[in-house]
Amino acid sequence: MSSMSYSPAQFQETDRATLHALVRAHPLATWIVQHQGELLVNHIPMLLDADCGKHGTLVGHVARANPVWQALAAGATSVAVFSGPQAYVSPNWYPSKHAHGKAVPTWNYTTVHAHGVPQVMDDPARVLEVVTRLTQAHEAGQALPWQVADAPADYIDKLLRAIVAVEIPVQRWEGRWKVSQNRPAADQQGVAAGLNAQGGEAAQMAALVQQRTAP
C-alpha cells in the first residue's frame, strides 16, 4: 500500500528527536493495515525502540482473535498514526482579524505517521518480552510499579496464549506540526494567549505555538 497525505511544507516536521518524543508521550497509535481491499483499523499502544533498525522499530500486541495479525502474513503494509496536542483556533485571537477582518477559524494539531511492514511474533517468549517492556515503560511513573511477575504465572501464561506481538520496522516517518507558524508573529502570540486561557490540552498547544513563534 502506497499512501500519501497532503502536507504543506511549512507544517512538515522532520526532526527525528521531535517525532520520537511525540510517539513516547502519546503512545496510543491508530494503526491502519491494508488487507484484501479493506482497511483494518486498530488502536493499540506501541513502544518505540529507536535503536532497532535504520529508522527505529515499533512493538505492540493484539488479541489472537483480532484478524489483523493473520493479514500480516501476506506482507501487508501499514501506517501507525500518533496524535499529540491539538486545539481549535478562533480568528478572534488574531490582532490582524480586528484590523482587516480577513481571518477564518482553523485547527492546530501535531501528529506523526510511521510507515512500515509489520511482522508477527507468535513465540511465547517473545510475546512475554514485549508485554514486559510495555509494562515497564508505562508503569515507570507509578510509585509502586506493577510488574508482570506480580500476577500468578498460570494466569499470565493463559493471557499470553490469547495475544500475539507485532513488530513494525519503520521505513518512513512523517511529521505534521500545524502550530500557527503560517501566521504573523502578533497573531501567533494572540493564539498562544487564547489557548493558554483555556488550559488543559489547549495550553499544551499554546506552548508549541510559542516554541515556533517568529522573533
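The rules we used
Residues numbered from 1 in each chain as written. Predicted model: local features only at pLDDT ≥ 70, side-chain atom pairs only at ≥ 80, totals over all residues. Heavy atoms only, no water. Core = buried A, V, L, I, M, F, W, Y, C linked by side-chain atoms within 4.5 Å. Buried < 20%, exposed > 50% of the residue type's maximum accessible area, 1.4 Å probe, protein only. Helix = DSSP H or I, 4+ residues; strand = E, 2+ residues; numbered from the N terminus. Patch = residues over 30% accessible without salt bridge, like charges linked within 9 Å, V, L, I, M, F, W, Y side chains within 5 Å. Areas by Shrake-Rupley, 256 points an atom, 1.4 Å probe, with all protein chains shown as cover. Salt bridge = Lys/Arg side-chain N within 4 Å of Asp/Glu carboxyl O. 1 Å grid on protein atoms, 1.4 Å probe; cavity = no way out; pocket = protein on both sides within 12 Å on 5 of 7 lines; lining within 4 Å. Points joined across faces, edges and corners; volume = space filled by probe spheres on them. Nonpolar A, V, L, I, M, F, W, Y, C, P; charged D, E, K, R; others polar. Phe/Tyr/Trp six-rings, centres within 6.5 Å; stacked < 30°, edge-to-face > 60°.

(A) Expanded view of the nonpolar core. Core analysis: the largest hydrophobic core is formed by 40 residues, its most contacted members being Trp-31, Met-46, Leu-58, Phe-82 and Leu-195. Looking at which element gives the most residues to this core, the answer is strand β9 (residues 163-178), with 6 residues. Val-59, Val-131, Ala-151 and Ala-165 belong to the second largest nonpolar core, which has 13 residues in total.

(B) Spatial organisation of a nonpolar patch on the surface. On the surface, Tyr-88, Trp-107 and Tyr-109 cluster together to form a nonpolar patch covering roughly 310 Å² of accessible area. Tracing the sequence through the fold places Tyr-109 in strand β7 (residues 106-116).

(C) Main features of unusual backbone geometry. In this structure, Gln-36 takes a positive phi of about 50 degrees despite not being glycine. Turning to its location among the elements, Gln-36 is positioned in the loop between β2 (28-35) and β3 (38-45). A residue is classified by how much of its surface remains accessible, and Gln-36, at 72% relative accessible area, is exposed. Phi at Ser-180 takes a positive value of approximately 65 degrees, unusual for a residue other than glycine. Relative to the elements of secondary structure, Ser-180 occurs in the loop between β9 and α6 (185-198).

(D) Quick look at the layout of surface pockets. Of the volumes computed, that of the largest pocket is approximately 200 Å³. Looking at the largest pocket, the residues that line it are Pro-45, His-61, Val-131, Leu-134, Thr-135, Trp-146, Val-148, Tyr-155, Ile-156, Leu-159, Leu-160 and Ile-163. Only α4 (124-139) and α5 (153-160) provide two or more residues apiece to the lining of the largest pocket. Element by element, the count of residues in the lining of the largest pocket is highest for α5, at 4 residues. Tallied by class, the residues present in the lining of the largest pocket amount to 10 nonpolar, 2 polar and no charged.

(E) Structural detail: the packing of aromatic side chains. Throughout the structure, instances matching the rule amount to 1 aromatic pair. Plain terms: the ring middles of Tyr-88 and Trp-107 are 5.7 Å apart, the flat faces sit at 65 degrees to each other, and that makes the pair edge-to-face. Highlighted residues: Tyr-88 in strand β6 (residues 78-89) and Trp-107 in strand β7, separated in sequence by 19 residues. The partly exposed category is assigned to Trp-107, whose relative accessible area is 46%.

(F) A look at the pattern of salt bridges. Applying the stated criterion to the full structure yields 8 salt bridges. Of the charged contacts in the structure, one is a salt bridge between Arg-133 and Asp-49, with a shortest N-O distance of 3.5 Å. Of the two residues, Arg-133 sits in helix α4 while Asp-49 sits in strand β4 (residues 47-49), which places them 84 residues apart along the sequence. For Arg-133, a relative accessible area of 27% gives the class partly exposed. Asp-49 gets classed as partly exposed once you look at its relative accessible area, which sits at 24%.

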